[in-house]
Amino acid sequence: MQSGHHGLERFLKRLLLNSALSEAEQSAILSMRATEVQVAARDDLVMPGETVDQSTLTVEGCLGRFDLMRNGARQITSLYIPGDMCDLYSVVAPTTGWGITALGPATILHVPHADLRSVATEYPNLAFAFWRDTTLDASILAKWIANMGRKQALARVAHLLCELGVRMERAELGERREYRLKITQEQIADAMGLTSVHVNRSLQQLRARNLIVTTGSLVSIPDWDRLTELAEFVPTFLLAGEAKADRPS
Amino acid sequence: MPRFFIDMSDDETFSRDDAGLVFKDVEEAKNAAVATLADMAREALPDGDARTFLAIIRGEDGGMLLQANLTLKVTSLVPTNTR
């Protein structure tokens, strides 16, 4: 199999978590054109309403999808870690209703829609893999809405820390009980619909109960079961090992 | 931009802010603290008839700058024997 940009390899690894892909299909992913770009913290890569002809893959760092209010307030609607293709949707919806921003310094890959479209047309199984990938994104978003509408701040923040732990572990970027989180309290607040003061207070409470230990950007979770209990975290929404067997026959 | 330390209490739990948060000025810190008090009141379980939510803002030198209270008070308007 040919080797591609290491960012594309991360994307492939992410797809393989939920989709069984043949060698030809894997090679097709790795042979897509990709342009690496270094971005600074708080760079807005796509503005809501913009029309794009490429998708953004996170290679290093953390990106977010966001919406912007008239008064400048932001709501972060998704968080993306290395291997995540932030706006795979834009292949079929190039005029975006969302923006993409760098939450810290990041390395990204721009992948042309033409290439994504071409591999999906040639290999229907890849179209299913993309479909499953965007479904995972929508599933996380639905969980966020439920948490924001119905959970207290403490459980919301705890749930996010559990979610990121499982995602980091699956992406082989850390372990669910210990990983590096390179986003600010303000950004967690923008994602969870809270004030930064409330996020700060929630983190203090989690620390005081020894549910989390933070050292710089390192988050440690001494007792996973207690934290998931508090957060009402059930990882089903992360669609682990979702049907790999729906290959068209 | 300056850092402010905002301690919060909901009558049950007092959480002292040792990390602090950066705001443009004390006015912005106050707005965030007041919005948080309102969120805390919304989250509070209706157990008991009175509850006070408190925020204290400290500056970088440790000096107290501002205090904000939000009081939730429930008063029954019928005699207790008919409740």
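The shown structure was predicted, so the numbers you read here are calculated from the model rather than taken from an experiment.

> Could you clarify how one ought to interpret the overall build of chain B in this entry?
For chain B, the helix and strand inventory stands at one helix and five strands. Put simply, chain B runs from its N terminus to its C terminus through helices and strands in the order β-β-β-α-β-β. Expected size for 83 residues packed as a compact globule is a radius of gyration near 12 Å; at 16 Å, chain B overshoots this value by more than 25%. With respect to the three principal axes, the spread of C-alpha positions in chain B is 55 × 20 × 20 Å. For chain B, with 83 residues in total, the buried portion stands at 36%. Of all intrachain contacts in chain B linking residues separated by at least 6 positions in sequence, the fraction that spans at least 24 positions is 43%.

> Sorry, what's going on with the pairing of strand β5 (residues 64–73) of chain B here?
Within a regular strand, side chains alternate between the sheet's two faces. Residues and elements named next belong to chain B. Where strand β4 (residues 50–58) and β5 come together, nine bridges link them in antiparallel fashion. When the bridges of β5 are listed, Ile56 appears paired with Gln67. Taken together, β4 and the strand that follows it, β5, pair antiparallel across an intervening segment of five residues, in which Gly62 is found at a positive phi of about 90°.

> Is there a simple way to explain the nonpolar core in this structure?
All names here are of chain A. One finds Leu79, Leu161, Tyr179, Leu181, Leu206, Leu227 and Phe233 to be the most contacted residues of the largest nonpolar core, which totals 40 residues. No other element matches the 10 residues that helix α5 (residues 153–170) contributes to this core. Residues Leu12, Ala28, Met85 and Val119 belong to the second largest nonpolar core, which totals 22 residues.

> For this particular structure, what's the right way to read the interface of chain A and chain B?
Interface size is commonly expressed as the accessible surface area that is lost when the partners come together. Of the residues lining the interface, 14 residues belong to chain A; the matching set on chain B comes to 21 residues. Taken together, the two surfaces of chain A and chain B that pack against each other cover about 1300 Å², and 50% of this comes from carbon and sulfur. Our count for the chain A to chain B interface comes out at one salt bridge. Viewed at the interface, chain B and chain A are joined by seven residue pairs in polar contact (both at pLDDT 80 or more). Tallied by class, the residues present in the side of chain A that touches chain B amount to two nonpolar, eight polar and four charged.

> Help me understand the pattern of salt bridges in this model?
Once their charged atoms are close, side chains differing in charge can pair, the charge on each being opposite to the other. Residue and element names in this part refer to chain A. Throughout the structure, instances matching the rule amount to 16 salt bridges over all chains. The closest approach of N and O atoms between Asp133 and Arg14, which form a salt bridge, is 2.6 Å. Taken together, the residues span a long stretch of sequence, with Asp133 in helix α4 (residues 124–150) and Arg14 in helix α1 (residues 6–18) at a distance of 119 residues. What makes Asp133 buried here is its relative accessible area of 6%. We classify Arg14 as buried; its relative accessible area is 13%. One continuous salt-bridge network, built from bridges that share partners, spans Arg14, Asp84, Asp133, Glu163 and Arg167.

> I would appreciate a short explanation of the packing of aromatic side chains in the present structure.
In this description, a pair of aromatic rings is defined by centroid distance and the angle of the planes. Evaluated as defined, the whole model comprises six aromatic pairs over all chains. The interplanar angle of 80° and the centroid separation of 6.1 Å between the aromatic rings of A:Trp224 and A:Phe233 together place this pair among those described as edge-to-face. Comparing A:Trp224 with A:Phe233, the two get one shared label, buried. Ring geometry for B:Phe4 versus B:Phe23: centroids 6.4 Å apart, planes at 50°, classification tilted. Separated by 19 residues along the polypeptide, B:Phe4 in strand β1 (residues 3–9) and B:Phe23 in the loop between β3 (21–22) and α1 (26–43) bring together distant segments of the chain. An aromatic cluster is built from A:Trp224, A:Phe233 and A:Phe237, whose rings are joined through pairwise contacts. Taking the ring centre of A:Trp98 as reference, the NZ or CZ of A:Arg65 above it sits at 5.3 Å. When the ring centre of A:Phe66 is taken as reference, the NZ or CZ atom of A:Arg74 above it lies at 4.1 Å.

> In this structure, what is going on with the sheet that holds strand β3 (residues 54–60) of chain A? I would like to understand it.
By definition, the strands of a sheet pair up through backbone hydrogen bonds, in either a parallel or an antiparallel sense. Residue and element names in this part refer to chain A. Taken in spatial order, the three strands line up as β1-β7-β3 in an open sheet, and their pairing is antiparallel. Edge strands, defined here as strands with exactly one partner in the open sheet, are β1 (35–39) and β3. The sheet shows a mean angle of 30° between the axes of neighbouring strands, direction not considered. Here five bridges tie β1 to strand β7 (residues 106–112), and the two strands are oriented antiparallel to one another. Following the sheet pairing, Glu36 is matched in β7 by Leu109.

Calculation rules
Residues numbered from 1 in each chain as written. Chains lettered and ligands numbered in written order. Predicted model: local features only at pLDDT ≥ 70, side-chain atom pairs only at ≥ 80, totals over all residues. Heavy atoms only, no water. Helix = DSSP H or I, 4+ residues; strand = E, 2+ residues; numbered from the N terminus. Rg over C-alpha atoms; globule rule 2.2 N^0.38 Å. Buried < 20%, exposed > 50% of the residue type's maximum accessible area, 1.4 Å probe, protein only. Contact = heavy atoms within 4.5 Å. Pairing = 2+ DSSP bridges. Core = buried A, V, L, I, M, F, W, Y, C linked by side-chain atoms within 4.5 Å. Buried area = accessible area lost by both parts, 1.4 Å probe. Salt bridge = Lys/Arg side-chain N within 4 Å of Asp/Glu carboxyl O. Polar contact = N/O pair within 3.5 Å; in protein donor to acceptor, adjacent residues only side chain to side chain. Nonpolar A, V, L, I, M, F, W, Y, C, P; charged D, E, K, R; others polar. Phe/Tyr/Trp six-rings, centres within 6.5 Å; stacked < 30°, edge-to-face > 60°. Lys NZ or Arg CZ within 6 Å of the ring centre and 35° of its normal. Axes fitted to C-alpha atoms, helices over the stretch in contact; angles between N-to-C directions.

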